[in-house]
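# What the coordinates show
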Amino acid sequence: MHQPQRPEDAAPAAPPRPGGARVLVVEDDPTVAEVVCGYLGRAGYAVDRAEDGPTALTRAAAHWPDLVVLDLMLPGMDGLEVCRRLRDRASVPVIMLTARGDEDDRVLGLEVGADDYVTKPFSPRELVLRVESVLRRTRPRGDLGPLAAAGLTVDRAARRAAKGGVELALTLREFDLLAFFLRHPGRAFSRADLMREVWGWDFGDLSTVTVHVRRLRGKVEDDPARPRLIRTVWGVGYRFDPEGPAERP
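Residues numbered from 1 in each chain as written. Predicted model: local features only at pLDDT ≥ 70, side-chain atom pairs only at ≥ 80, totals over all residues. Heavy atoms only, no water.

## Brief notes about the packing of helix 6 (residues 172-183) against helix 8 (residues 207-220)
At a minimum axis distance of 10 Å, the contact between helix 6 and helix 8 shows a crossing angle of 75 degrees. With respect to helix 8, the element helix 6 is oriented roughly perpendicular. Every residue of helix 8 that contacts helix 6 at Arg 173, Glu 174, Leu 177, Leu 178 and Phe 181 is listed here: His 212, Val 213, Arg 215, Leu 216, Lys 219 and Val 220. Counted by class, the contact of helix 6 with helix 8 contains 6 nonpolar, 1 polar and 4 charged residues. (Axes fitted to C-alpha atoms, helices over the stretch in contact; angles between N-to-C directions. Helix = DSSP H or I, 4+ residues; strand = E, 2+ residues; numbered from the N terminus. Parallel < 35°, antiparallel > 145°, perpendicular 65-115°, else oblique. Contact = heavy atoms within 4.5 Å. Nonpolar A, V, L, I, M, F, W, Y, C, P; charged D, E, K, R; others polar.)

Quick look at the structure:
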């Protein structure tokens, strides 16, 4: 990680954020954990800290977090298993930290439900911005009406989605992606467009979008191998087509 200033040398702590957003930081490196917790605390978040998977699950059970910053490489129970167990209990946004540069490791984190990942070395300020971006999209707004198409329904205020009346278990980003597609049927969007509109970023690894589209297809398509709703537009990106025929495999 870059050589950030020590937490005690940083700017004075900000007042607590409205709603008391709680972030659980799961990191076994004490230096990294101290810096991350310090920056998040000074940004106004209530921060819990755990150094391993079992402790993280215990802390989460005692005080369910609004978001988890989770290191992939933990002793004993790794971050992927911690993420799976958290997801088994309830939906919670997860930002994965990884020291590995290999794309397969990043994709694994996204496949088990992480909403974002940050590769070490990273800037603590960038991590705080990522946390703010993810949490901002979990806060319901008063102007969000329901959406429906092709047997899919999305209640944006309650952040619930269903297919044929059966509720879907979607991650934060999967929900946002589905809602965006339903709001814009028939329009083709590039992966960069989707990253900007759904993730709120003007930069980032576009494979994040690819993985989330694949996961979303697995939950909303009758046959994910021949998607009918979320179609690939070759050379462009993706289009939501509620009336379209199935793609060829």
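## Considerations on helix 5 (residues 124-136)
Its 13 residues give helix 5 an end-to-end C-alpha distance of 18 Å, which sits within 8% of 18 Å, the value for a rise of 1.5 Å per residue. Taken together, the buried positions of helix 5 are Pro 124, Leu 127, Val 128, Arg 130, Val 131, Glu 132, Ser 133, Val 134 and Leu 135. (Expected span 1.5 Å × (residues − 1). Buried < 20%, exposed > 50% of the residue type's maximum accessible area, 1.4 Å probe, protein only.)

## A closer look at the sheet that holds strand 9 (residues 166-167)
Read across the open sheet, the 4 strands follow the order 6-7-8-9; overall the sheet is antiparallel. Of all the strands in the sheet, just strand 6 (147-149) and strand 9 have a single pairing partner and so form its edges. Sheet topology note: the strand 6/strand 7 (residues 152-155) ladder contains 3 bridges and is antiparallel. Within the sheet, the bridge partner assigned to Ala 149 lies in strand 7 and is Leu 152. Where helix 6 meets the sheet, its contacts fall on strand 6, strand 7 and strand 8 (160-163), and the angle it forms with strand 7 comes to roughly 110 degrees. (Pairing = 2+ DSSP bridges.)

## Some points on the packing of helix 2 (residues 53-62) against helix 3 (residues 79-89)
It is the contact of helix 2 with helix 3, at a shortest axis distance of 10 Å, that shows an interaxial angle of 20 degrees. As judged from the angle between their axes, helix 2 and helix 3 are roughly parallel. The handedness of the crossing between helix 2 and helix 3 comes out as right-handed. Residues Gly 53, Ala 56, Leu 57, Ala 60 and Ala 61 of helix 2 touch helix 3, and the partners they reach there are Val 82, Arg 85, Leu 86 and Arg 89. When grouped by side-chain class, the residues that make up the contact of helix 2 with helix 3 number 6 nonpolar, 1 polar and 2 charged. (Left-handed = near helix turned anticlockwise from the far one by under 90°.)

## What about the sheet that holds strand 10 (residues 188-190)?
In space, the 3 strands of this open sheet follow the order 10-12-11, with antiparallel pairing throughout. Pairing within the sheet leaves two strands with one partner each, and these edge strands are strand 10 and strand 11 (230-233). The sheet shows a mean angle of 35 degrees between the axes of neighbouring strands, direction not considered. Here strand 11 runs beside strand 12 (residues 237-240); their pairing, made up of 4 bridges, is antiparallel. Paired with Val 233 across the strands is Gly 237, a residue of strand 12. Along the sheet, helix 7 (residues 191-199) makes contact with strand 10 and strand 12, crossing strand 10 at roughly 85 degrees. Here helix 8 sits on the sheet and contacts strand 11 and strand 12; the angle it forms with strand 11, its principal contact strand, is near 140 degrees.

## Quick notes on the pattern of salt bridges
Counted under the stated rule, the structure contains 16 salt bridges. The closest approach of N and O atoms between Arg 87 and Asp 115, which form a salt bridge, is 3.1 Å. Of this pair, Arg 87 sits in helix 3 while Asp 115 sits in the loop between helix 4 (103-111) and strand 5 (116-119), and the two are 28 residues apart along the sequence. Just as Arg 87 is buried, Asp 115 falls in that class too. The salt bridge partner of Arg 160 is Glu 167, with a shortest N-O separation of 2.7 Å. (Salt bridge = Lys/Arg side-chain N within 4 Å of Asp/Glu carboxyl O.)

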